[in-house]
Amino acid sequence: MNEKTSFNWEVSVGVTFASLMAAISLFFTGILIAQYNSFDDTIRVPLLFLIISTFSYIFSASIYSNASEEITLNNIKRVKKYLIYANNIFEFLGLYLLIIATPLVLGSVTHDNFLRISSVIVALGGLVLYSSSHFSMLHKEIKSNAIKHTITFTFTLLAGLLYFLQYSEQLSRYVGYNLTATVLLLFAFAVTFVFCKKSKQYMFTK
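Every chain begins its residue count from 1, and numbering advances along the sequence as written. Since the coordinates come from a predicted model, pLDDT governs what is reported: local features require at least 70, and pairs of side-chain atoms require 80 or more to be given and counted, while whole-chain, interface and lining totals use all residues. Side-chain calculation: all heavy atoms of the structure are included, whereas hydrogens and water are not.

### Side note on the overall build of the protein chain
Under the DSSP-based scheme used, a helix requires at least four consecutive residues in state H or I and a strand at least two consecutive residues in state E, with every element numbered from the N terminus. Across its full length, the protein chain holds 7 helices and 0 strands. Beginning at the N terminus, the succession of helices and strands in the protein chain can be written as α-α-α-α-α-α-α. Over its C-alpha atoms the protein chain spans a radius of gyration of 18 Å, differing by no more than 12% from the 17 Å that the globule rule assigns to 206 residues. Within the protein chain, counting contacts between residues at least 6 apart in sequence, those at least 24 apart form 77% of the total. Computed by Shrake-Rupley with a 1.4 Å probe, the accessible areas treat only the displayed protein chains as cover when residues are assessed. Accessible area of the protein chain: about 11,200 Å², with a carbon and sulfur share of 68%. A positive count includes Lys and Arg, and a negative count includes Asp and Glu. His and the chain ends are not counted in either. A charge is said to be at NZ when it belongs to Lys, at CZ for Arg, at CG for Asp and at CD for Glu. Taken together, the 15 basic and 10 acidic charged side chains of the protein chain have centroids lying 12 Å from each other. As defined in this context, the radius of gyration uses C-alpha atoms, and a globule is described by 2.2 Å times the residue total to the power 0.38. A contact between two residues is defined here by any heavy atoms of the two lying within 4.5 Å.

### Overview of unusual backbone geometry
The phi dihedral of N74 is positive, around 65 degrees, even though this residue is not glycine. Of note, N74 is situated in the loop between α2 (44-72) and α3 (76-109). On the basis of relative accessibility, which here comes to 52%, the residue N74 falls in the exposed class. Each residue is assigned to one of three classes by its accessible area relative to the maximum for its type, calculated with a 1.4 Å probe on protein chains only: buried under 20%, partly exposed between the two thresholds, exposed over 50%.

### Describing the packing of aromatic side chains
The pairing test for Phe, Tyr and Trp rings, Trp by its six-membered ring, is centres within 6.5 Å, and the orientation test on the planes gives stacked under 30 degrees, edge-to-face over 60, and tilted for anything in between. If you walk through the whole model with that rule in mind, you get 8 aromatic pairs. Taking 5.2 Å as the distance between ring centres and 40 degrees as the angle between the ring planes, the aromatic pair formed by F17 and F90 counts as tilted. Here the residue F17 occupies a position in helix α1 (residues 3-34), and F90 occupies one in helix α3, the gap between them amounting to 73 residues. Residue classification places F90 among the buried positions, given a relative accessible area of 11%. Relative to F195, the ring of F92 has its centre 5.6 Å away and its plane inclined at 50 degrees; by these criteria the two rings are tilted. Of the two residues, F92 sits in helix α3 while F195 sits in helix α7 (residues 173-197), which places them 103 residues apart along the sequence. Taking the relative accessible area as the measure of exposure, F92 reaches 0% and is therefore buried.

### A look at the environment of K81
Mapped onto the elements of the fold, K81 is located in helix α3. It is 8.2 Å that separates the C-alpha atoms of K81 and C196, two residues lying 115 residues apart in sequence.

### Comments concerning helix α6 (residues 145-167)
Each residue after the first adds 1.5 Å to the expected span of a helix. With 23 residues, α6 ought to run about 33 Å at 1.5 Å a step, and its terminal C-alpha atoms sit 33 Å apart, in line with that. Within the sequence span of α6, burial applies to K148, I151, T152, F155, T156, L158, A159, L162, Y163, L165 and Q166.

### So, helix α4 (residues 113-132)
Spanning 20 residues, α4 covers 28 Å between terminal C-alpha atoms, matching the ideal 28 Å at 1.5 Å per step. Of all the positions in α4, only R116, S119, V120, A123, L124, L127 and S131 are classed as buried. Taken end-on, α4 shows its buried residues confined to a sector of 115 degrees, consistent with a single buried face. Exposed positions of α4 whose direction lies more than 90 degrees from the buried face are F114, I117, I121, V122 and L129. On its buried face, α4 is in contact with α3, α5 (137-141) and α6. The distance from a side-chain oxygen at the start of α4 to the backbone nitrogen of F114 is 2.9 Å, and the residue carrying that oxygen is D112. Directions from the helix axis toward the C-beta atoms define the arc. For this analysis, a polar contact is any N or O atom pair within 3.5 Å, provided that within protein one partner can donate a hydrogen and the other can accept it, and provided that sequence-adjacent residues contribute only side-chain to side-chain pairs.

### Re the nonpolar core
In this text, buried Ala, Val, Leu, Ile, Met, Phe, Trp, Tyr and Cys residues form a nonpolar core when linked through side-chain atoms within 4.5 Å. Counting 54 residues, the largest nonpolar core has F49, F92, I100, L104, F155, Y163 and L184 as its most contacted members. For this core, the secondary structure elements donating two or more residues are α1, α2, α3, α4, α5, α6 and α7. If one sorts the elements of this core by residue count, α3 sits on top with 15 residues. Dropping the residues within four chain positions of it, Y163 is found in contact with I99, I100, P103, L104, V120, A123 and L124.

### Some remarks on a nonpolar patch on the surface
Exposure above 30% relative accessible area and the absence of a salt bridge qualify a residue for a patch, where like charges join within 9 Å and nonpolar side chains (Val, Leu, Ile, Met, Phe, Trp, Tyr) within 5 Å. Salt bridges, as used here, are contacts in which a Lys or Arg side-chain nitrogen is within 4 Å of a carboxyl oxygen on Asp or Glu. A cluster of nonpolar side chains, namely W9, V13, F17, L20, I24, F27, F28 and I31, defines an oily patch on the protein surface of about 810 Å² accessible area. Tracing the backbone shows V13 in helix α1. Note on V13: relative accessible area 52%, which makes it exposed.

### Quick look at the side chain of T156
Its place among the elements puts T156 in helix α6. Taking the relative accessible area as the measure of exposure, T156 reaches 17% and is therefore buried. Apart from the residues lying within four places of it in its own chain, the contact partners of T156 are L124, L127 and V128.

Below, the structure is given as structure tokens:
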């Protein structure tokens, strides 16, 4: 399989998967918006995460689609750059935010402690395992295990703090809750930006 064919497959899979994830994320976001007033005030944060995640999937699909045109023009260097942007946006602003938002949604719509705690354990455990694996973008972007673990730890710590603040009964929780959510979003955008601009996914990106 030559390089051009390989990129065609990557683009095709990227468009299909990103479009599917966008549809799923948009479906759940629509349900939450339709019943917004019946939920706890803490629903705002996971709803924002889902909205950003949905747009990220849509933009990723668009970038993947635009990459196919560059393949036709045999501009492989630009194809690689497009795929880098799409991959990182899909993962850090799409997948990560969707995973983190799921327990927050459950925390806002139900008081069942079993579901709440279980979803938090699954989300955080899955995030750590995936981020530490060879399948993640972190593995493709970073050679240093120390930096990789630091980024994973930061995402996990901020997400865990969000879950804790959501379940807290203190009246001041909303300030810390919203502040933590803002820091997490800024961190996710910063990671995405840095990896898009200084990527190690391919041999050359400029």
